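Remarks on the overall topology
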Amino acid sequence: MSTPIAAKEPAFSIGIEEEYLLVSRETRDLVVDPPADLLDDCAGSPAGSVSPEFLRSQIEVGTRVCKSVRDARDSLAEMRGVVSQAAGRHGLAPIAASTHPFAQWSEQRHTEKERYTILARDLQGVARRLLICGTHVHVGIEDPDLRIDLMAQVAYFLPHLLALSTSSPFWRGVDTGLKSYRISVFNELPRTGLPEHFQSWGEYQRHVNVLVSAGLIEDGSKLWWDVRPSARFDTLEMRITDVCTNVDDAAAIAALYACVLRMLWRLRRTNQRWRLYAHMLVMENRWRAQRYGFDEGLVDFGKGCTVPYAELLDELLDLTAEDAVALDCEKEVAHCRHILTRGTSAHRQLAAFRAATSAGASQEDALRQVVDFLIAETVAGVDVPA
């Protein structure tokens, strides 16, 4: 039976959540126990919210619900400025990177909050290694059945988004050889990876209820898939990407995600849909994006061969050109090509490290210079209040 076609266009509103690491400006290492009043110093901005994260050395921001990607970008930039100003008062700085270049997870402490205490108890050593940060992009889609339908289709494009966002090449002072080591750490958690395929919202809810009834989870917020229906909002939440060090990169990826969803919705209006490929195939592209970023291309399953990422991006931007116009985010989407030219944060971190060691710096000093790059780039294009 075919899924009924939603007549009304979804809102395609945008909300972005980002997680940052808090570092000492003196040592460039993580601050294990930041000042208790730091969060209070961040409160009150109309641009969004600031909240603690699982580890005390992390902090999370969320934009307000935005009608456009441009609005979301400005809201996100304002929140970065708020956090940077507040952290600066304590000799600290936020870095928007999915791993710290040299920090040790074994030295971190989790936030004393019931939800996090339960998480630490249940996940044990897996939770203790969660010294990682990510970006979550919410796109407003009011119809729950439509959210489920688009979740299955958009999974194909998740590796394309991950490849543009990579910011975690280092782990505990070592170049891992991966552009997104964060994915390796996150994969250790249960209920991660690509989402399951469901025929309807009702079927999805029945499966979630099995886990809830068994006492395994409280609700759908404990499904940590790469994309999921939000448990709090009428949104489809993309979660696969690393946190982008540059705020314009974050806006570009949010714009591309929203445009892909609208393109899939357009296909649905004419009784078309994107082909659903087996997880084993999409997971290969997920791994390639995790390992190489965009350097070695992804597999085009229709052609049956690996294609340079630049070609795939051109095709994707052509496919969604109409949607970029409709969502008024042509400039933000076009920035994706700039990411290819300049490199992601992972590329630039590695370049900074190699330049420092080539100039005679020790490995330790070179890693501190990477942190300096991250501190500066996190607030590039951001107004930090005096």
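Criteria and thresholds
- Residues numbered from 1 in each chain as written.
- Predicted model: local features only at pLDDT ≥ 70, side-chain atom pairs only at ≥ 80, totals over all residues.
- Heavy atoms only, no water.
- Salt bridge = Lys/Arg side-chain N within 4 Å of Asp/Glu carboxyl O.
- Helix = DSSP H or I, 4+ residues; strand = E, 2+ residues; numbered from the N terminus.
- Buried < 20%, exposed > 50% of the residue type's maximum accessible area, 1.4 Å probe, protein only.
- Expected span 1.5 Å × (residues − 1).
- Contact = heavy atoms within 4.5 Å.
- Axes fitted to C-alpha atoms, helices over the stretch in contact; angles between N-to-C directions.
- Parallel < 35°, antiparallel > 145°, perpendicular 65-115°, else oblique.
- Nonpolar A, V, L, I, M, F, W, Y, C, P; charged D, E, K, R; others polar.
- Pairing = 2+ DSSP bridges.

Let's talk about the pattern of salt bridges
Here the structure, examined in full by the defined rule, presents 32 salt bridges. Across the pair Asp149 and Arg273 runs a salt bridge whose closest N-O atoms are separated by 2.9 Å. On the criterion of sequence distance, the pair formed by Asp149 in helix 5 (residues 144-154) and Arg273 in the loop between helix 9 (247-269) and helix 10 (279-292) is long-range, its members being 124 residues apart. Relative accessible area serves as the criterion here: at 8%, Asp149 is assigned to the buried category. Residue Arg337 pairs with Asp314 through a salt bridge whose shortest N-O separation is 3.1 Å. A residue pair is termed long-range when its members are at least 10 positions apart, and Arg337 in helix 13 (residues 330-342) and Asp314 in helix 11 (residues 309-319) qualify at 23 residues. Here the salt bridges do not stand alone but share partners, grouping Glu9, Arg262, Arg266, Glu322 and Asp323 into one network.

Thoughts on helix 10
If you check helix 10, its first and last C-alpha atoms are 20 Å apart, about what 14 residues at 1.5 Å a residue would give, namely 20 Å. If you check which residues of helix 10 are buried, you get Val282, Asn285, Arg286, Arg288, Ala289 and Gln290. Each element contacted by the buried residues of helix 10 is listed here: helix 6 (158-165), helix 7 (181-186), strand 8 (192-193), strand 12 (298-300) and strand 13 (305-307). Downstream of helix 10 by a residue or two, Gly293 has a phi angle that is positive, lying close to 65°.

Focus on the packing of helix 11 against helix 13
A pair of packed helices is captured by two measures, namely the crossing angle of their axes and the spacing between those axes. Following both chains from N to C, one finds helix 11 and helix 13 inclined at 175°, their axes separated by 11 Å at the closest point. Classified by the angle their axes make, helix 11 and helix 13 are roughly antiparallel. Counting all contacts with helix 11, which are made through Tyr309, Ala310, Leu313, Asp314 and Leu317, the residues of helix 13 involved are Val333, Cys336, Arg337 and Leu340. Residues of the contact of helix 11 with helix 13, tallied by class, amount to seven nonpolar, no polar and two charged.

Comments concerning the pairing of strand 5 (residues 135-140)
For strand 5, a buried count of six out of six residues is recorded, marking the element as mostly surrounded by other parts of the structure. Residues Thr135, Val137 and Val139 of strand 5 are buried on one face, and the alternating residues His136, His138 and Gly140, pointing to the opposite face, are buried as well. The sheet contact formed by strand 1 (residues 14-24) and strand 5 spans five bridges and is antiparallel. By the bridge assignment for strand 5, Ile14 is matched with Val139. Looking at chain direction, strand 5 and strand 11 (residues 235-238) are connected through four bridges and run antiparallel. The residue bridging Gly140 from the neighbouring strand is Thr235, located in strand 11.

Function cannot be inferred from these measures alone, as they are strictly geometric.
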